[in-house]
Amino acid sequence: MTAAETALALQEKFPGAVLSITEFRGESSLMLTMASLIPVMTYCQGELAFDLLIDVSSVDNMGEDPRYVVVYELYSLTTKNHLRIKVSVSEDDLNVPTVSQLWPTADWHEREIYDMMGIKFTGHPDLRRILMWDGYPYHPLRKDFPMGGLPSDMPDVAFSETAPLAGGPFVTSSGAMDRVSAEPRAKGEK
Amino acid sequence: MSTELTHAAYDSKIEGNIVFTQLDAAMNWMRKNSLWPMPMGLACCAIELMATASSRFDIARFGAEVMRFSPRQADVMIVAGTVTYKMALAVKRIWDQMPEPKWCIAMGACASSGGMYRSYAVLQGIDHLIPVDVYISGCPPRPEALIEGFMRLQRKIQGEQSFLAQKKELVDALSQ
Ligand code: SF4
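Residues numbered from 1 in each chain as written. Chains lettered and ligands numbered in written order. Predicted model: local features only at pLDDT ≥ 70, side-chain atom pairs only at ≥ 80, totals over all residues. Heavy atoms only, no water.

(A) Highlighting the packing of aromatic side chains. Here the structure, examined in full by the defined rule, presents six aromatic pairs over all chains. Each ring, one from F145(A) and one from Y120(B), has its centre 5.7 Å from the other, and the planes form 90°; the classification is edge-to-face. With F145(A) in the loop between β7 (120–122) and β8 (152–154) and Y120(B) in the loop between α4 (108–113) and β4 (134–136), the pair connects residues from two separate chains. F145(A) gets classed as buried once you look at its relative accessible area, which sits at 10%. Owing to a relative accessible area of 16%, Y120(B) belongs among the buried residues under this scheme. On the basis of an interplanar angle of 70° and a centroid distance of 5.4 Å, the ring pair of F159(A) and Y85(B) is categorised as edge-to-face. Highlighted residues: F159(A) in strand β9 (residues 158–160) and Y85(B) in helix α3 (residues 85–97), drawn from two different chains. F159(A) gets classed as buried once you look at its relative accessible area, which sits at 15%. Classification of Y85(B) by relative accessible area gives buried; the value is 0%. Among the aromatic residues, ring-to-ring pairing joins W133(A), Y136(A), Y138(A), F145(A) and Y120(B) into one connected group. Directly above the ring of W95(B) sits K102(B), whose terminal nitrogen or CZ lies 4.8 Å from the centroid. (Phe/Tyr/Trp six-rings, centres within 6.5 Å; stacked < 30°, edge-to-face > 60°. Helix = DSSP H or I, 4+ residues; strand = E, 2+ residues; numbered from the N terminus. Buried < 20%, exposed > 50% of the residue type's maximum accessible area, 1.4 Å probe, protein only. Lys NZ or Arg CZ within 6 Å of the ring centre and 35° of its normal.)

Below is the structure:
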């Protein structure tokens, strides 16, 4: 069974669970409803032998509703299939059920998403920050977080300050015609 | 201290074993030739620090081969790498645990200024937290550059007047 066939089979097996299937360059992505995430994932891990969770990541589509997407990359070492599963997370309810009971590797991936994006994973065994320190008040990978950071202070634990970006040249925007207009200094970012 | 030197009484047993100098000069000479580093290796620069310590560049030629992982036995902290905010206070704590006299070398762009990391996560130069004696440019600096920084620090130590300053302090305290 190829990945595309797997996607169709899943759609058939779980009616109403699959919101959309996207095919791009031989890769299949399924958008699921939040309620069907755990049943579908359990089925994938068990019956469909997707025994490897390559990565869990999150996307911030600021300005859209729902704002966030959590993306799971599944791979099967037996059938050599790759499947991408997505769920949308709205800003009002930042809770996603954990999959760490299915793939233990999800534990740290979900902690990273919680740290950087602020999405909470319900049922997670140990949902602490993983990169920033406990008590850091922000989620730095959100689009509305300034590149240079924000000041914070926890006496004796850690502190942070705003970095002087001076028109920082370290992020480029794609699609610009030349280097100068691609750099944020051209966009007047501080 | 009298600057006039007098002859020691002649004693054939100790002939040639006496050197006349100033106390400060003698202390500085000893200090600068046995600088024990605290290797604060935090990122890629630490690799060059390790290269400096090993046989090809051989920092032992400057009496600084004794990397001390206990701050209490170290004289100079070499901050080699990116100082994240998460690590910053730990670096400060280790610095505070080092006994005086102590010096600090900021090795590389990151330790000196945050380097390429204009970021929410990185301290923009270790001199925000601890006083730095020598900054070394480069990303990473070559071992030769670290050795050059070391020699600069030695030159700086040679010019210090710690004993004289201590005496002045004592005189000031007594005259109050
Ligand atoms: S200055 Fe360059 S080599 Fe040194 S720690 Fe920073 S990024 Fe790494």
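We are not done yet, so read on.
(B) Region of the structure containing unusual backbone geometry. The omega torsion of the bond from D65(A) to P66(A) falls at -5°, within 30 degrees of zero and hence cis. Note on placement: P66(A) falls in the loop between β3 (52–60) and β4 (68–75). Here the bond from C139(B) into P140(B) is cis, since omega is -10°, no more than 30 degrees from zero. Here P140(B) is to be found in the loop between β4 and α5 (143–158). At K80(A), a position not held by glycine, the phi torsion is positive, near 60°. Within the element layout of this structure, K80(A) appears in the loop between β4 and β5 (82–89). Unlike most non-glycine residues, D58(B) shows phi in positive territory, near 55°. Within the element layout of this structure, D58(B) appears in the loop between α2 (45–53) and β2 (76–80).

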